[in-house]
Every structure is written in C-alpha cells, then in structure tokens.
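# Results of the structural survey
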Amino acid sequence: MEESQSSFDIAVNAALCRESFYEFFRDFWDTIEAVELVPNWHIKFICDELQRVYETWAKGLPQDDVIINVPPGSSKSTIVTQLFPAWLWVKDPSIRLISSSYAADLSIAHAVKTRDCLKSDKFQRYYPGLIEFKKDSDGKSAFKNTKKGERFTTSTGGRVTGMHGDFIINDDPINPEEAESSNARKTANRFSGTTLSTRKTNKKRTVTIMVMQRLHESDPTGDWLKKKKSVNHICLPGELSEHVKPERVRRYYVNGLMDVNRLDRAALDKLKEDLGSYGYAGQIGQTPTPDGGGKLKKAWFGKITWEEFQKRTLGKPVVWQFDADTAYTQDQKNDPSAFMASCYMEPILYIRDVQEAWLEFPELVKELPAFAMRNGYSNQSKLHIEPKASGKSTVQTLKRETSLNIVEAPAPDSDKDSRVNAISPFVEAGRVVLIDGSWNDNFLGQCAAFPLAAHDDMVDDLVQAINRVHQPAGKKFKAKTVKR
C-alpha cells in the first residue's frame, strides 16, 4: 500500500520520477486513471522522446517542433497532454504551457487531469510544497502556481491572444468526424500552423508538440509536413508498415503489431469494420490512403515502357488525345491545372504523360500547346478542356490564337465521388496502362489518395478521358463545338 511507504522509499521514488518522465508516468498513472496501466514499448518510447524535448529546451537550445501520430486508445493524451505537463512542473515549476484540442470541453478535461495529478495525495507526499496553486488562478481551464508557472487551455479557433507558452501542446486539433470538411481543415491548419506559432515565448526555443491520428492528406499533420523545413516526426501505426518513424522502432513491433495488448489482431479487425478502409488507414495506419489506394487502387493500373508500347501498336494508327483541367493561379494553396496525353487502342487507354502546374492565364495558354506538341499532337488530335473555372476562356483563347483542334468537354453532371465510382470498373479491369515516366508516381499517388488528396485535378483528367472512350449504354460523350 502507498500509505505504508517509508520516508526512504518515498524519497527514492520521488527522485526516480523526477529524473525519468517514464517512471513518473507509471507511478502517477493511478492519480488520474481508474483502470490499471497496461505497459507497452510505445509508451516508454514516447515518454523518453518527450523527456529529450524538455532536456533540449532546458539547455536553451533550438529544436524542431514535434508531431506524434499514434492510433486512438494508445494513451496518447494521458502521456502528452495530461501527465507530461505535470512532470514539467516537477522539473521547473516556472514553465508556462498552452494546451489545445478541437473542442473546449475536451481541452478542459485534459487540463483537469493534470490538475488532479498535481493536487493528489501522492504528489504532495513525493514533492511537498513544490507546487502551490495561486488562489485567484486555480480554475479548470487555466491555473497558475506561486512560482510563475501557468497552464492555459484553449481549443481550435479559440482565444489565445495575450498568452505565451514555453511548451505548446496541440492534442487532436481536428474532430475526426469533420476531417473531410475543407473549411474544418482550413480552420485547424490555420490555428495549428499560424495562431499557435505566434504564442511561443521564444521563437527558437519553445516547442510545439502536436499529437493526433491521421485523418486526411491535408490535415494539420499533412500541412506541417508540407510547410515546415524540418520536424521531429514520430509515427507509430497500429500495424508495421513503411510509415513507421523513426525507422529504428520497427524492431519493437511484435508479429507486425504496435501493441499486442491494446490493439491485437481481433481489435484491429473490429476497428476496420467500424472505421471503414479510409478511417482505418488514417486513424490506425497513420496514412490518409488505404494500402494500394481507395476508390482507385494503384495495382489496377498497368505499366509498360515506351518500347513495349511501340511494339504493341506497330502498324496501327496512333492518335494522341489531350485532356485539360484548367485553373489560373500561381498560388500553390489553390488547385493547379492538369494536362493528360492518352490514346485509346480498344480495349486499353494508354496514358503517355500527365502533368500539373500552377500557372497564371498567359502562361497556361502557352503551356497547353507546348505540352501537346511534346506528346505527339497531330492533325487528328483534339484537346478536350473542361468548361469550368478558366476553361471557357482557355478554349476561346486557344481557338483564336492557335491551330490546335480545341473541344469544350461536357460539363460534369454529378459530384466527383460519383464520377470516380463510375469509371473505377474500367480501371479495375486493367484497361488503363501507363507508359513509364517520371510522372507515374505523382499521378498514381493522387489517384490512390482520392477523395482525400489535397488536389484531384489529374483524377479529373482521367475521368474525362475514360468517359470519352467508354460510356454506359444509352449515354454518349457529347463534346461542344465552340465557334471561333
């Protein structure tokens, strides 16, 4: 029993917990949790990594912000958001913290757990008089101690003006149920990437720690990985995969599983049923796309060399056709334009090249003819342009200023998911073959990530090209003739 511990035992345990966050986590687990702790290697690994973050900060050295991607149910919040702040005050009671989650009530619940630990009988026995709360600043959402330490709690999109932190903890910045909303992602990304970054007490020294499961290619993790030059990325999928980071922890997986106790094979199978392929890929696999792809799997696409293509089509007339999904902007936050070169040799659609680029209108109308000429344009070729965004003006300009055969493609009559669902049997049947090129990986990556990819312009080109050569019975691809 704890009450029977001798003064010597208490002093030894207190010293051990002070020196090791992992030992602190184990010893103080029962101050905030009613269930028994089930140890696993990932807990010690994350604790040790967080301790290194503190030790670097304590030396006054700059360091990268931290991303921790782990499945739900892995005690991530208990480690990072609840007990780590308590341990930081054991090390240095003057530390200031800001913590945030996607909802205010969730953020407050995490802060209350930290407060419960600090006010527990065990903490008072181990560290008598170390932490005394200021009577006028001892709330659930924000509290201060008498040694100038404080913890402020906010939520995504919430108030943080005037507050600064030595450590900023961002736990689940976006609600999994809202991750497919572009507005929700923009709000979470802006708050995680801009708002909180301005709340650092020292821009070089303060560390932001973001812990979450992956939900979308453009979720806050994806946004950080795209924008930050370097980041300390810890990624621990529920199953062993290429996404494990750092690579050295791969050896700790048992039978391919991160946690054979919490997330054994039966538990993972049940989660796969409950979450679906996309939810499972993100929240358990820590990648927004199911292995091999979702609606359009990578394995469905064939691939041949240029030499093989020439052998297959020897003696046959080859006419290259072109599809364009246009937008005029140089801002890479917005959608790019995409261009595709393909030919249909029944029953196969061969794709020669697919490119995307962020271009202003003058550059766009120059690049389209250049792309066509690089990829075998002839008098029998046509350039099919979808009549959206800059499409109509692009069609009019190219027809007026070039000799290209320009066609205004039919406007879509259904949402993107429906359009991709309609062409997926064509792709699954192995009827789309890519000619080997440096563009292959980018194109396949976007197809596999649909509908959770940051952009889907190349997928639009694919849908348009397939619909032109393969239509369900009773439905024809009707191109619109545009007068000069």
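All chains use their own residue numbering, which begins from 1 and follows the written sequence. Where local features are concerned, this predicted model is filtered to residues with pLDDT of at least 70; where side-chain atom pairs are given and counted, the filter is 80 or more; whole-chain, interface and lining totals use all residues. Only hydrogens and water are set aside when side-chain values are computed; all heavy atoms of the structure are taken into account.

The helix and strand labels rest on DSSP assignments: H or I over at least four residues marks a helix, E over at least two residues marks a strand, and numbering proceeds from the N terminus. When helices and strands are tallied, the protein chain shows 15 helices and 15 strands. Reported as C-alpha extents along the three principal axes, the dimensions of the protein chain are approximately 90 × 50 × 40 Å. Note on exposure labels: buried denotes an accessible area under 20% of the residue type's maximum, exposed denotes more than 50%, and partly exposed covers the range between, all computed with a 1.4 Å probe on protein chains only. The buried share of the protein chain, reckoned over its 484 residues, is 51%. It only takes one pair of heavy atoms within 4.5 Å for two residues to be counted as in contact. Of the contacts formed within the protein chain by residues at least 6 apart in sequence, a portion of 72% connects residues at least 24 apart. In the structure as shown, the protein chain presents an accessible area of about 22400 Å², 48% of it carried by carbon and sulfur atoms. Computed with the Shrake-Rupley method and a 1.4 Å probe, the accessible areas treat only the protein chains shown as cover for residues.

With 18 residues, helix α3 (residues 41-58) should cover 26 Å at 1.5 Å per step; its first-to-last C-alpha distance of 26 Å lies within 8% of that length. Residues of α3 that are buried: Trp41, His42, Ile43, Phe45, Ile46, Cys47, Glu49, Leu50, Gln51, Val53, Tyr54 and Trp57. In the segment just after α3, glycine 60 is the residue with positive phi, at about 75 degrees. Expected span of a helix: the number of residues minus one, times 1.5 Å.

With that settled, the discussion passes to the state of the cysteines. Here, the term disulfide refers to a pair of cysteine sulfur atoms separated by no more than 2.5 Å. Counted by the stated rule, this structure contains zero disulfides. The structure places no disulfide on cysteine 47, whose sulfur is separated from the nearest cysteine sulfur, that of cysteine 17, by 11 Å. The exposure class assigned to cysteine 47 is buried, which follows from its relative accessible area of 0%. In this structure cysteine 447 is not part of a disulfide, and its nearest cysteine sulfur, from cysteine 343, lies 17 Å away.

Classification of ring pairs rests on two measures: the distance between centres of Phe, Tyr or Trp rings, Trp counted by its six-membered ring, which must be within 6.5 Å, and the angle between planes, read as stacked under 30 degrees, edge-to-face over 60 and tilted in between. Enumeration over the complete set of coordinates arrives at 28 aromatic pairs. Taking 5.5 Å as the distance between ring centres and 80 degrees as the angle between the ring planes, the aromatic pair formed by tyrosine 54 and tryptophan 87 counts as edge-to-face. Taken together, the positions of tyrosine 54 in helix α3 and tryptophan 87 in helix α4 (residues 76-91) put the pair 33 residues apart, joining distant regions of the chain. Summarising the aromatic geometry, the rings of phenylalanine 309 and tyrosine 350 are spaced 5.1 Å apart at their centres and angled 70 degrees between planes, so their arrangement reads as edge-to-face. Note that phenylalanine 309 is positioned in helix α10 (residues 306-312) and tyrosine 350 in strand β12 (residues 348-357), a separation of 41 residues in sequence. For the pair formed by phenylalanine 309 and tyrosine 350, the shared burial category is buried. Of the aromatic side chains, those joined through ring pairs into one cluster are Phe21, Tyr54, Trp57, Phe84, Trp87 and Phe167. Charge-over-ring placement is defined geometrically: NZ (Lys) or CZ (Arg) within 6 Å of the ring centre, and within 35 degrees of the ring normal. The ring of phenylalanine 133 is capped by lysine 119, whose NZ or CZ atom sits 4.8 Å from the centre of that ring.

For two strands to be treated as a pair, DSSP must find at least two bridges joining them. Pairing is mixed across the open sheet formed by eight strands, whose spatial order is β3-β4-β5-β2-β6-β7-β1-β8. At either end of the open sheet lies a strand with only one pairing partner, and these are β3 (133-138) and β8 (232-235). Taking the axes of each pair of neighbouring strands and ignoring which way they run, one obtains an average angle of 15 degrees across the sheet. Relative to strand β5 (residues 150-155), strand β2 (residues 96-101) runs parallel, the two sharing six bridges. Directly across from serine 99, in β5, lies its bridge partner threonine 153. Fitted lines through C-alpha atoms give the axes, limited to the stretch in contact for helices. The angle between two N-to-C directions lies from 0 to 180 degrees. Contacts from helix α5 (residues 104-118) reach β2, β3, β4 (142-145), β5 and β6 (167-171) within the one sheet, and its direction differs from that of β5 by about 160 degrees. Here helix α8 (residues 220-227) sits on the sheet in contact with β1 (66-69), β7 (207-212) and β8, set at roughly 135 degrees to β7.

Once that is clear, we can look at the sheet that holds strand β11 (residues 337-345). Each strand in a sheet pairs with another by means of backbone hydrogen bonds, the pair being arranged parallel or else antiparallel. Pairing is mixed in the open sheet, where seven strands are placed in the order β9-β15-β12-β11-β10-β13-β14. The open sheet has two edge strands with one neighbour each: β9 (302-304) and β14 (406-408). Strand after strand, the sheet turns through a mean of 30 degrees between neighbouring axes, direction not considered. Where strand β10 (residues 321-325) meets strand β13 (residues 383-385), three bridges bridge the pair, whose relative direction is parallel. Within β13, the residue paired with phenylalanine 322 across the bridge is leucine 383. In the packing of helix α11 (residues 361-374) onto the sheet, the strands contacted are β10, β11, β12 and β13, and the crossing angle to β11 comes to about 25 degrees.

Our next topic: unusual backbone geometry. Across the junction of lysine 245 and proline 246, the peptide omega takes the value -5 degrees, indicating a cis bond. Residue glutamate 346 is joined to proline 347 through a cis peptide bond whose omega torsion reads 10 degrees. If you trace the backbone, proline 347 turns up in the loop between β11 and β12. For serine 75, which is not a glycine, the phi torsion comes out positive at approximately 65 degrees. Of note in this structure, glutamine 286 is not a glycine but carries a positive phi near 60 degrees. Along the chain, glutamine 286 falls in the loop between α9 (265-283) and β9. Taking the relative accessible area as the measure of exposure, glutamine 286 reaches 3% and is therefore buried.

We now examine the environment of phenylalanine 123. Residue placement: phenylalanine 123 occurs in helix α6 (residues 121-126). In sequence terms phenylalanine 123 and alanine 86 are 37 residues apart; their C-alpha atoms lie 9.8 Å from each other. If near-sequence neighbours (up to four positions away) are discounted, phenylalanine 123 is found in contact with Phe24, Phe28, Val90, Cys117, Leu118, Pro128, Leu130 and Ile131.

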